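Chains, contacts and geometry: an overview
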Amino acid sequence: MTDDAVVPHSEHPDPASDTTSDEDPVNAQVEQVGGRALPIGTAGDSLTEVSLVVPTFNEAANIGHLLCSLHAVLTRTGAAFELIVVDDDSPDRTWEVAAAVASELPGIRVLRRTGASGLATAVICGWAHARGAVLGVIDGDGQHPPEVVADLVAAMDERTDVAVASRHVPGGGVSNWSAIRRLLSRGAQALGLLLLPGTVGRVTDPMSGFFLVRRDVVATADLDPVGYKILLEVLARGDVRRVAERPYVFLERAEGESKVAAGHYVGYLRHLMRLRLHPLRSRALVRYLLVTAVALLADAIVFLWIFDRQGWNLTRSAAIAGEVGILLTVALHDLWTFAGRATRGTIDRIRRLLGVQIALGTLLFGRLLAINVLVNWFHLGPLAAFCVALAAITPASYLLGSRLTWRGVRP
Ligand code: GDD
Ligand code: MN
């Protein structure tokens, strides 16, 4: 760490930051910023390597200890860093506690933001004021272990655009979550996969609020400040090629309380929909849905033809029809939906084909079982049984097919 990374308060170019009293050494550490969204921009200061933003709201009890730990961890990495606390004018005066630490340790900046609130906008605000070539974010309540920052910094080699701390890779986890909270978290992720397979499927923990990103990736990206999950914004709208993941265990909160309420899930859903409708991405979605529809139609037509016309037996007809649907899905996604994006090597194609075959083949087996149960136990007609089973299994096929085979490919 070099002291060059720290520009004294009075030299900071943002005019909005010059309003605090310079008498008091602690208050002099505080940069006042307004709520207006600023662009992130391409210009760093060529000296700062990493700018880590810590968004806070009522974290007075946590921020002091966290900043000291982060400072120690970042110093050990040897990178020139700045830590930027973005506090939304917390009633518990978090900014004041942070400023007291900043007056003792170099490389810590405190932005006291008025006129706006919200986690995602706070992070973007911090990045807009940052000077580093790599930007990052970590929670201010101690739930993200500070040591993991060192792993993320190490992961950011020249080929990596985003390094994500993940709860869902080996070595990661959640400490003490109830079954219902785990379910909600996984449910939200599954929904994300369904709506935005190419974005959400790129990482194991798309909801992570703990990651680093190369400045170029987001500098000119049109990050939507009303967006909710900032990592989703970055993956969907940033120019992200390579993503690395490092494990972390989501710790329990020692002090204060989570700001996440039920509205959180509604916000998340709206965010997914907004990203889904984002023009650049929607073409792939339309294709994805069309391919799914064509495959289903082919599945049904082949079934009708061999079962009804040729008089083959029920299970065999449904199996052949299902297989036609699977092969058509693979071929069309590869040649059309993800054309030009999927890796085009033969090995890769074979790997994808095998992946889909295993995943959808398993589901097909389930479907055949369902058809037989419906016919033999519930005395449904074979055609009705076929349709019910097809409709019941489709959502799962849609999910699995995209997850297993085109993850890492951006629609
Ligand atoms: N500036 C600012 N403004 N900060 C905020 C705001 C706000 O409106 N709301 C929350 N924060 C800060 C909190 O003070 C905390 O430092 C951090 O953002 C995370 O908020 P929590 O309320 O503690 O969220 P969580 O623990 O339920 O979830 C967090 O961790 C998840 C797992 O990594 C969030 O970061 C999620 O995005 C993340 O998925
Ligand atoms: Mn938290």
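Model, not experiment: these values are computed from the prediction.

Quick notes on the rules
Residues numbered from 1 in each chain as written. Chains lettered and ligands numbered in written order. Predicted model: local features only at pLDDT ≥ 70, side-chain atom pairs only at ≥ 80, totals over all residues. Helix = DSSP H or I, 4+ residues; strand = E, 2+ residues; numbered from the N terminus. Buried ≥ 20, exposed ≤ 12 C-beta atoms within 10 Å, placed from the backbone. Contact = placed C-beta atoms within 7 Å. Pairing = 2+ DSSP bridges. pLDDT = per-residue confidence, 0-100. Axes fitted to C-alpha atoms, helices over the stretch in contact; angles between N-to-C directions. Core = buried A, V, L, I, M, F, W, Y, C linked by C-beta atoms within 7 Å. Parallel < 35°, antiparallel > 145°, perpendicular 65-115°, else oblique. Left-handed = near helix turned anticlockwise from the far one by under 90°. Nonpolar A, V, L, I, M, F, W, Y, C, P; charged D, E, K, R; others polar. Expected span 1.5 Å × (residues − 1).

**Section: the overall build of the protein chain**
If you tally the helices and strands in the protein chain, you get 13 helices and 10 strands. Across the 411 residues in the protein chain, those meeting the buried criterion constitute 42%. Looking at the protein chain alone, contacts between residues at least 24 apart form 78% of all its contacts between residues at least 6 apart.

**As for unusual backbone geometry**
The phi torsion at S46 lies on the positive side, around 65 degrees, for a residue other than glycine. Accessibility expressed as a C-beta count within 10 Å gives 10 for S46, which makes it exposed.

**Details of the environment of L235**
If you trace the backbone, L235 turns up in helix α8 (residues 230-237). Accessibility expressed as a C-beta count within 10 Å gives 27 for L235, which makes it buried. Between the C-alpha atom of L235 and that of T199, which follows or precedes it by 36 residues, the distance is 6.0 Å.

**Comments concerning the pairing of strand β6 (residues 162-166)**
For β6, a buried count of five out of five residues is recorded, marking the element as mostly surrounded by other parts of the structure. The two faces of β6 match: V162, V164 and S166 on one face and A163 and A165 on the other face are all buried. Bridge count for β6 against strand β8 (residues 211-214) is three bridges, and the pairing is antiparallel. Note that in β8 the partner of A163 across the bridge is L212. Pairing between β6 and strand β9 (residues 243-247): five bridges, direction parallel. Note that in β9 the partner of V164 across the bridge is E245.

**Some words on the confidence of the model for the protein chain**
The pLDDT averaged across the protein chain works out to 84; a share of 85% of its residues lies at or above 70. Predicted confidence for residues 1-21 stays below pLDDT 50, and this span has 38 contacts to residues more than four positions away or in other chains.

**Side note on the sheet that holds β8**
Read from one edge of the open sheet, eight strands run β1-β4-β3-β2-β5-β8-β6-β9, paired in mixed fashion. Two strands close off the open sheet at either side, each with one partner strand: β1 (30-33) and β9. Taking the axes of each pair of neighbouring strands and ignoring which way they run, one obtains an average angle of 20 degrees across the sheet. Contacts between helix α2 (residues 94-102) and the sheet are confined to β1, β2 (50-56), β3 (81-87) and β4 (108-113), with β4 contributing the most and set at about 160 degrees to the helix.

**What to know about the environment of T48**
Relative to the helices and strands, T48 is located in the loop between β1 and β2. Put simply, T48 and A133 are 85 residues apart on the chain and 6.7 Å apart in space, counted from C-alpha to C-alpha.

**Let's talk about the nonpolar core**
In this structure, V85, A98 and F211 are the most contacted members of the largest nonpolar core, which totals 73 residues. Considering every element that reaches this core, the biggest residue donor is helix α3 (residues 119-129), with eight residues. Among all residues touching A98, those that are not within four sequence positions of it are I63, L67, V85, D87 and V110. If you look at the next biggest cluster of nonpolar residues, it comprises 10 residues, including A321, L374, A385 and F386.

**Regarding the packing of helix α1 (residues 60-77) against α2**
Close contact between α1 and α2 brings their axes to 8 Å; oriented N to C, the two are set at 25 degrees. As judged from the angle between their axes, α1 and α2 are roughly parallel. You can see that α1 and α2 cross each other, and the crossing is right-handed. Contacts between α1 and α2 involve A60, I63, G64, L67 and C68 on the former and, on the latter, T94, V97, A98 and V101. Across the contact of α1 with α2, the residue classes break down as seven nonpolar, two polar and no charged.

**As for the environment of A122**
Position of A122 relative to the elements: it lies in helix α3. In the structure, A122 is positioned 65 residues away from F57 in sequence and 9.9 Å away in space, judged by C-alpha atoms. If near-sequence neighbours (up to four positions away) are discounted, A122 is found in contact with P55, V86, D88 and R113.

**Remarks on α1**
Helix length check: α1 (18 residues) gives 26 Å between terminal C-alpha atoms against 26 Å at 1.5 Å per residue, within 8%. Buried residues along α1 sit in contact with β2, β3, α2, β4 and α4 (148-155). Count one or two residues on from α1 and you reach G78, which has phi positive near 85 degrees.

**Looking at the packing of α1 against α4**
Where α1 meets α4, the axes come as close as 9 Å, and the angle between the chain directions of the two elements is 30 degrees. Seen along the crossing, α1 lies across α4 with a hand that is right-handed. Every residue of α4 that contacts α1 at L70, V73, L74, R76 and T77 is listed here: V149, A150 and V153. When the residues that make up the contact of α1 with α4 are grouped by side-chain class, the tally is six nonpolar, one polar and one charged.

**Re the pairing of strand β5 (residues 134-137)**
Going residue by residue along β5, you find V134 and G136 tucked away on one face and L135 and V137 tucked away on the opposite face as well. One ladder, built from four bridges, connects β2 with β5; its direction is parallel. Residue pairing in the sheet places V53 in a bridge with V137 of β5. Pairing between β5 and β8: four bridges, direction antiparallel. Opposite V134, over in β8, you have R214 as the bridge partner.

**Section: α2**
By the criterion of burial, α2 is predominantly enclosed, with seven of the nine residues buried. Residues of α2 that are buried include every one of T94, W95, V97, A98, A99, V101 and A102, and no others. Buried residues in α2 make contact with β1, β2, α1, β3 and β4.

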